[in-house]
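Reading the structure
Letter by letter, the chains look like this.
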Amino acid sequence: MTEPLMLPGGHRVPVVGESYYQDNLARLCGGRTKEGHSYECVAILRPEPTNPYDPNAVAVCIDGLQIGHLSREAAKAFAPVADVLVGRLAACSAVVRGGWDRGGGDEGAFGVVLDLGGIDDCRSAVLRAN
């Protein structure tokens, strides 16, 4: 498969559904620590047109592990980009935060925020690369 296309950044886009992927996020960050994590990485955006709950669904993966999805609203907005990917995957910068364990039940969940450009900028980047 072709190398994922790095999309421009500029907007903070939160990932949803991370609560279902806490084990994957802990694995990516090396487990929970007292202070938690701020792990900068690259996320892959994988459209899921056969998703039974949302045909616009976009899975978010880091290092081959699924860690959540774009929200329904963000996935719908991303659809014009997904339409022109033509068999390619898109990538963007991301930060995984949280994952602390200070004992006594003081634990923080992991969360992920993407750095993703506006839809027109992302679509233009894909079209230029194709």
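Calculation notes
Residues numbered from 1 in each chain as written. Predicted model: local features only at pLDDT ≥ 70, side-chain atom pairs only at ≥ 80, totals over all residues. Heavy atoms only, no water. Buried < 20%, exposed > 50% of the residue type's maximum accessible area, 1.4 Å probe, protein only. Helix = DSSP H or I, 4+ residues; strand = E, 2+ residues; numbered from the N terminus. Pairing = 2+ DSSP bridges. Arc of directions from axis to C-beta. Salt bridge = Lys/Arg side-chain N within 4 Å of Asp/Glu carboxyl O. 1 Å grid on protein atoms, 1.4 Å probe; cavity = no way out; pocket = protein on both sides within 12 Å on 5 of 7 lines; lining within 4 Å. Points joined across faces, edges and corners; volume = space filled by probe spheres on them. Nonpolar A, V, L, I, M, F, W, Y, C, P; charged D, E, K, R; others polar. Core = buried A, V, L, I, M, F, W, Y, C linked by side-chain atoms within 4.5 Å. Contact = heavy atoms within 4.5 Å.

**Considering the pairing of strand 6 (residues 90–98)**
Across the 9 residues that make up strand 6, a large majority, 7, are buried. As paired strands, strand 1 (residues 5–6) and strand 6 are joined by 2 bridges and run parallel to one another. Counterpart to leucine 5 in the pairing with strand 6 is alanine 90. Sheet topology note: the strand 3 (residues 37–47)/strand 6 ladder contains 9 bridges and is antiparallel. Counted as the bridge partner of cysteine 41 is alanine 94 from strand 6. Relative to strand 7 (residues 110–116), strand 6 runs antiparallel, the two being bridged by 6 bridges. Looking at strand 7, one finds that alanine 94 is bridged to leucine 114.

**A few points about helix 3 (residues 119–129)**
For helix 3, the full list of buried residues reads Cys122, Ala125 and Val126. Along the axis of helix 3, the buried positions cluster into a sector of 95°, meaning they face one direction only. Opposite the buried face of helix 3, by more than 90 degrees, sit the exposed residues Asp120 and Arg128.

**Focus on the pattern of salt bridges**
Enumeration according to the criterion identifies 3 salt bridges in this entry. Between arginine 46 and glutamate 48 there is a salt bridge; the shortest N-O distance is 3.3 Å. The residue arginine 72 makes a salt bridge to aspartate 54 at a minimum N-O spacing of 3.7 Å. A residue pair is termed long-range when its members are at least 10 positions apart, and arginine 72 in helix 2 (residues 72–84) and aspartate 54 in the loop between strand 3 and strand 4 (58–62) qualify at 18 residues. For arginine 72, a relative accessible area of 54% puts it in the exposed group.

**A word on unusual backbone geometry**
The phi torsion at aspartate 63 lies on the positive side, around 50°, for a residue other than glycine. Tracing the chain through its elements places aspartate 63 in the loop between strand 4 and strand 5 (65–69).

**Brief notes about the layout of surface pockets**
Considering only enclosed or pocket space, the largest pocket measures out at about 160 Å³ in volume. Surrounding the largest pocket, Asn51, Tyr53, Asp54, Ala57, Val58, His69, Leu70, Ser71, Arg72 and Ala75 form its lining. When the residues that make up the lining of the largest pocket are grouped by side-chain class, the tally is 5 nonpolar, 3 polar and 2 charged.

**Thoughts on the nonpolar core**
With 31 residues, the main nonpolar core has Leu7, Leu45 and Leu114 as its most contacted residues. Within the residue set of this core, elements represented by two or more residues are helix 1 (22–29), strand 3, strand 4, helix 2, strand 6, strand 7 and helix 3. Apart from residues no more than four positions distant in its own chain, leucine 114 is found in contact with His11, Arg12, Val13, Val15, Ala43, Leu45, Val60, Leu70, Cys92, Ser93 and Ala94.

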